[in-house]
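Fold and contact review
These are the residues of each chain, in order.
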Amino acid sequence: MSIKHKTLDLKKRMQGALLGGGQKAIEKQQSMGKMTARERIVALLDPNSFHEYDLFVEHAARDFDMDKKHLPGDGVITGTGTIGGFPVCIYAQDFTVAGGSLGIMHARKISKIMDHAMNLKIPIIGINDSGGARIQEGVNSLAGYGEIFYRNTLASGVIPQISVILGPCAGGAVYSPALTDFVFVVDKISKMFITGPEVIKSVLGEEISMEELGGARVHSEITGNAHFFAESEQECLQQIKKLVTYIPWNNSKKADAFPKKAPKTRQYKIDNIIPTDPREPYDVRDVIRAISDDSDFFEVQELFAANMVIGFGRINGETVGFVANQPMVLAGVLDVDSSDKAARFIRFCNAFNIPLVTLVDLPGYLPGIDQEHAGVIRHGAKILYSYSEATVPKITIILRKAYGGGYIAMCSRHLRADFVFAWPTAEIAVMGPEGAANIIFRNEIKNAENPEQVRQEKVEEYKKKFANPYVAAAHGYIDAVIEPNETRRFVVHALEVSSQKSELRPTKKHGIPPF
Amino acid sequence: MEKDKNLIDKEVVFTEFVVDDATYKTQLNKMYMNRKPYEPFNPSHLKSFMPGNIPEVHVKEGDEVKEGDILLILEAMKMKNHIIAPFDGKITAVNVKVGDKVPKNHILLEIKP
């Protein structure tokens with residue numbers, strides 16, 4: 001055979017494989033409002049940048065007549081490509097081939113591309129759309145999942161790992177996304193659960209729809225398993241494209257710098273955002289936008305535990321991670337979910353050399369029996385742990401309230417913030433004036449002729465004395481009390497001078513964070 | 001792509017929320033509003049620790065029982081779980097019958113010492 005013939009033969013073989021589960025299955029996928037695996041990869045990556053590997057891998061199942069079946073690519077597409085020039089390893093499960101079910105060769109393809117990502121030190125993106133384990137392959141498909149989970153764990157903190165849920169992702173399969181850094185979901189398309197509605201109904205008699213059990217909204221608002229919520233697959237892919245601009249290739253690099261841009265100060269006037277009364281709400285994201293480059297803020301887990309705001313932005317062209325209390329929701333308190341949310345984000349930033357900018361305005365931890373019984377002690381400890389552990393530059397700005405344990409937890413000097421700035425509106429105290437006065441002057445108030453009047457006087461007295469940043473500044477716990485409109489200037493400088501920061505920590509195998 | 005989500009502008013209703021005797025104006029989130037009120041432990045209430053079926057009921061109202069007696073069976077996760085009397089006493093209420101499906105924390109029986 002001549003080269004021409006052999007090339008023609010290759011083309012023919014490729015054509016067959018590229019069609020996945022065939023025209024009918026593709027039409028079915030599209031009728032569900034879903035893109036095919038290949039369409040997703042092409043839409044996400046730069047034009048012509050996708051290079052596919054292992055196209056001719058054959059499945060290994062021999063029982064239940066599976067040996068007579070041909071599954072092109074064994075239901076998963078793997079390869080490398082670029083997103084805006086940013087290199088990635090990628091895999092996408094192909095639902096048109098045996099429902100995207102995971103057999104041992106399918107798993108080996110995923111494991112192989114993950115190993116590539118680790119050797120090449122570039123991020124891995126996994127697009128999940130699979131009915132789950134391929135039952136016919138028995139324990140081999142379980143082995144396949146195990147191999148993936150192990151690799152997810154080793155890759156954690158070395159290369160960024162992104163999971164995209166564009167279909168079902170059920171049973172053991174959900175643990176790969178759960179081990180990765182960012183999970184993207186799409187309304188009405190993504191479904192994640194350990195046991196589905198049918199099993200729940202037959203075993204427990206409880207009825208629930210897939211959407212209510214493990215739809216995109218549930219994981220974005222309630223469980224916190226998802227980090228980015230989109231209305232459509234297109235929007236989801238845009239979100240991924242945006243995320244990769246903020247993160248580095250791996251843990252030995254910094255994220256690519258962008259051209260410096262000033263914030264849109266006409267739209268976000270810092271002096272106008274904060275109400276004078278410390279008990280009035282405002283949107284802390286406006287403060288972030290007032291100091292970030294181009295007033296750009298890319299929020300992570302927007303719908304989950306909204307009393308804490310986390311996300312990426314840039315200061316002078318460099319990526320920073322913002323962590324901020326949101327006075328607009330639950331007065332910005334720390335609770336089980338918000339501590340968990342912030343702690344994980346802080347650890348991501350620390351692992352990938354992204355400086356942390358923390359904005360503080362909170363009355364403390366959320367009181368309540370449900371919180372105490374839900375373990376606010378161990379969950380709340382996560383935020384202390386991750387801030388203390390972080391060695392990236394840490395800059396803290398106290399906007400208004402910083403009371404009690406909340407003050408300590410929100411990257412205080414005591415947890416080794418490099419710079420702590422406070423606005424003149426800051427109140428750094430063991431608790432709010434109302435609560436403190438009620439305790440300190442309990443007897444005076446009780447024994448007074450007019451307790452309410454005395455109480456008010458004592459609250460005012462406490463406010464005057466302690467509800468300010470100057471007591472903390474006098475102890476050196478705050479580096480500078482700054483005018484709000486000077487915030488960006490101070491943060492820019494703080495980041496500049498800490499660009500070579502290095503901190504030695506005791507060597508250990510690993511710490512034991514309060515998981 | 002950038003959605004304008006300046007929630008303050010969208011006529012959000014703020015409620016009053018008290019932390020350490022100070023009242024804050026803020027929004028309450030779903031998780032907070034859906035939190036379950038605390039119920040103190042009542043030793044007289046025998047509850048289902050899991051959702052399940054009731055294949056057998058061995059007692060009726062007014063029965064005298066001894067500690068350790070099997071009062072009924074709660075079938076959950078393919079296991080037949082014995083619900084036993086925690087102390088000697090009298091059954092004051094039986095809230096289930098054979099064939100019932102019960103949710104978690106349903107009061108199955110009431111017993112008085």
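Here is what the cut-offs are and how they apply
Residues numbered from 1 in each chain as written. Chains lettered and ligands numbered in written order. Predicted model: local features only at pLDDT ≥ 70, side-chain atom pairs only at ≥ 80, totals over all residues. Heavy atoms only, no water. Helix = DSSP H or I, 4+ residues; strand = E, 2+ residues; numbered from the N terminus. Rg over C-alpha atoms; globule rule 2.2 N^0.38 Å. Contact = heavy atoms within 4.5 Å. Areas by Shrake-Rupley, 256 points an atom, 1.4 Å probe, with all protein chains shown as cover. Lys, Arg positive; Asp, Glu negative; His and termini not counted. Charge placed at Lys NZ, Arg CZ, Asp CG, Glu CD. Phe/Tyr/Trp six-rings, centres within 6.5 Å; stacked < 30°, edge-to-face > 60°. Buried < 20%, exposed > 50% of the residue type's maximum accessible area, 1.4 Å probe, protein only. Lys NZ or Arg CZ within 6 Å of the ring centre and 35° of its normal. Patch = residues over 30% accessible without salt bridge, like charges linked within 9 Å, V, L, I, M, F, W, Y side chains within 5 Å. Salt bridge = Lys/Arg side-chain N within 4 Å of Asp/Glu carboxyl O. Pairing = 2+ DSSP bridges. Core = buried A, V, L, I, M, F, W, Y, C linked by side-chain atoms within 4.5 Å. Domains from an automatic or database assignment. Buried area = accessible area lost by both parts, 1.4 Å probe. Polar contact = N/O pair within 3.5 Å; in protein donor to acceptor, adjacent residues only side chain to side chain. Nonpolar A, V, L, I, M, F, W, Y, C, P; charged D, E, K, R; others polar. Axes fitted to C-alpha atoms, helices over the stretch in contact; angles between N-to-C directions. Parallel < 35°, antiparallel > 145°, perpendicular 65-115°, else oblique. Left-handed = near helix turned anticlockwise from the far one by under 90°.

Next up on the list: the overall build of chain A. When its secondary structure is counted, chain A shows 21 helices and 16 strands. Taken over the C-alpha trace, chain A has a radius of gyration of 26 Å; the compact-globule value for 515 residues is 24 Å, and the two agree within 12%. Along the first, second and third principal axes, the C-alpha atoms of chain A reach 100 × 55 × 45 Å. Expressed as a percentage of contacts within chain A between residues at least 6 apart in sequence, the contacts between residues at least 24 apart total 72%. If you sum the accessible surface of chain A, you get close to 22,600 Å²; carbon and sulfur atoms cover 56% of it. Positive and negative side-chain charges of chain A, numbering 59 and 60 respectively, have mean locations separated by a distance of 6 Å.

In this section: the packing of aromatic side chains. All names here are of chain A. Counted by the stated rule, this structure contains 16 aromatic pairs over all chains. Consider the rings of Phe-297 and Phe-322, whose centres lie 6.0 Å apart with planes at 80 degrees: the pair is edge-to-face. Within this pair, whereas Phe-297 is found in the loop between helix H12 (284-291) and strand E9 (298-300), its partner Phe-322 is found in strand E11 (residues 318-325), the two being separated by 25 residues in sequence. In this structure Phe-322 comes out as buried when scored by relative accessible area, which is 0%. The ring of Phe-95 carries the charged tip of Lys-34 above its face, separated from the ring centre by 4.5 Å.

Further remarks concern a nonpolar patch on the surface. A cluster of nonpolar residues, Leu-10, Met-14, Leu-18 and Phe-56 of chain A, forms a patch on the protein surface that exposes about 320 Å² of accessible area. Residue position: Leu-18 of chain A is located in helix H1 (residues 3-18).

Residue and element names in this part refer to chain B. Strand order in the open sheet formed by four strands is E7-E6-E4-E9, and the pairing between neighbours is antiparallel. Each having just a single partner strand, strand E7 (79-84) and strand E9 (101-102) make up the two edges of the open sheet. When strand E6 (residues 70-76) meets E7, the two strands line up antiparallel, connected through six bridges. By the bridge assignment, Leu-74 is partnered in E7 with Asn-81.

Residues and elements named next belong to chain A. Ile-125, Phe-312, Val-323 and Ile-398 are the most contacted members of the largest nonpolar core, which totals 65 residues. Looking at this core, the element that brings in the most residues is helix H13 (residues 336-351), giving five residues. Those residues in contact with Ile-398 that sit more than four places away from it in its chain are Val-360, Tyr-407, Val-420, Phe-421, Ala-422, Trp-423, Ala-426, Ile-428 and Ile-478. Ile-274, Ala-290, Phe-297 and Leu-359 belong to the second-largest nonpolar core, a separate cluster that totals 29 residues.

Right, let's talk about the sheet that holds strand E5 (residues 64-65) of chain B for a bit. Residue and element names in this part refer to chain B. Read across the open sheet, the four strands follow the order E3-E10-E8-E5; overall the sheet is antiparallel. For this open sheet the edge positions go to strand E3 (45-47) and E5, each flanked by a neighbour on one side alone. Here strand E8 (residues 89-94) pairs with strand E10 (residues 107-112) via four bridges, running antiparallel. Each residue of the ladder has a partner; that of Ala-93, found in E10, is Glu-110.

All names here are of chain A. Unusually for a residue other than glycine, Asp-294 sits at a positive phi of about 60 degrees. With respect to the element layout, Asp-294 can be found in the loop between H12 and E9. In this structure Asp-294 comes out as partly exposed when scored by relative accessible area, which is 29%. In this structure, Ala-331 is a non-glycine residue whose phi angle is positive, near 55 degrees. Relative to the helices and strands, Ala-331 resides in the loop between E11 and H13. Among the residues examined, Ala-331 registers a relative accessible area of 2% and is labelled buried.

What follows is about the domain arrangement of chain B. Split by domain assignment, chain B resolves into domain 1 (2-33) and domain 2 (45-112). One C-alpha centre belongs to domain 1 of chain B, the other to domain 2 of chain B; they are set 44 Å apart.

In this section: the interface of chain A and chain B. Opposite the 43 residues of chain A that make contact, chain B presents 29 residues. Carbon and sulfur atoms make up 59% of the surface buried where chain A meets chain B, a total of about 3,100 Å² over both sides. Sorting the residues of chain A by area buried against chain B places Arg-279, Met-328 and Leu-330 of chain A first, and these three jointly supply 18% of that buried surface. Inspection of the region where chain A meets chain B yields three salt bridges. Taking the shortest distance from any N to any O, the salt bridge between Asp-370 of chain A and Arg-35 of chain B comes out at 4.0 Å. Counting across the interface, chain A meets chain B through twelve residue pairs in polar contact (both at pLDDT 80 or more). Elements with a contribution of two residues or more to the side of chain A that touches chain B: helix H7 (197-204), helix H9 (216-223), helix H10 (233-243), H12, helix H14 (369-373), strand E13 (394-403) and helix H17 (433-440) of chain A. When its residues are assigned to classes, the side of chain A that touches chain B shows 23 nonpolar, six polar and 14 charged.

Below, the discussion takes up the packing of helix H3 (residues 37-44) of chain A against H10 of chain A. Residue and element names in this part refer to chain A. The geometry of H3 relative to H10 is characterised by a closest axis approach of 10 Å and an angle of 45 degrees between their N-to-C directions. One finds that H3 runs oblique with respect to H10. By crossing handedness, the relation of H3 to H10 is classed as right-handed. Contacts between H3 and H10 pair Arg-40, Ala-43 and Leu-44 from the former with Glu-233, Leu-237, Ile-240 and Lys-241 from the latter. Residue classes in the contact of H3 with H10 are distributed as four nonpolar, no polar and three charged.

To continue, consider the pairing of strand E6 (residues 182-186) of chain A. Residues in a regular strand project their side chains so that they alternate between the two faces of the sheet. Residue and element names in this part refer to chain A. Taking burial as the measure, the five residues of E6 include five buried ones, the bulk of the element. A two-sided burial pattern is seen for E6, the buried positions comprising Phe-182, Phe-184 and Val-186 on one face and Val-183 and Val-185 on the other. The pairing of strand E5 (residues 161-170) with E6 spans four bridges and is classified as parallel. Within the sheet, the bridge partner assigned to Val-164 lies in E6 and is Phe-184.

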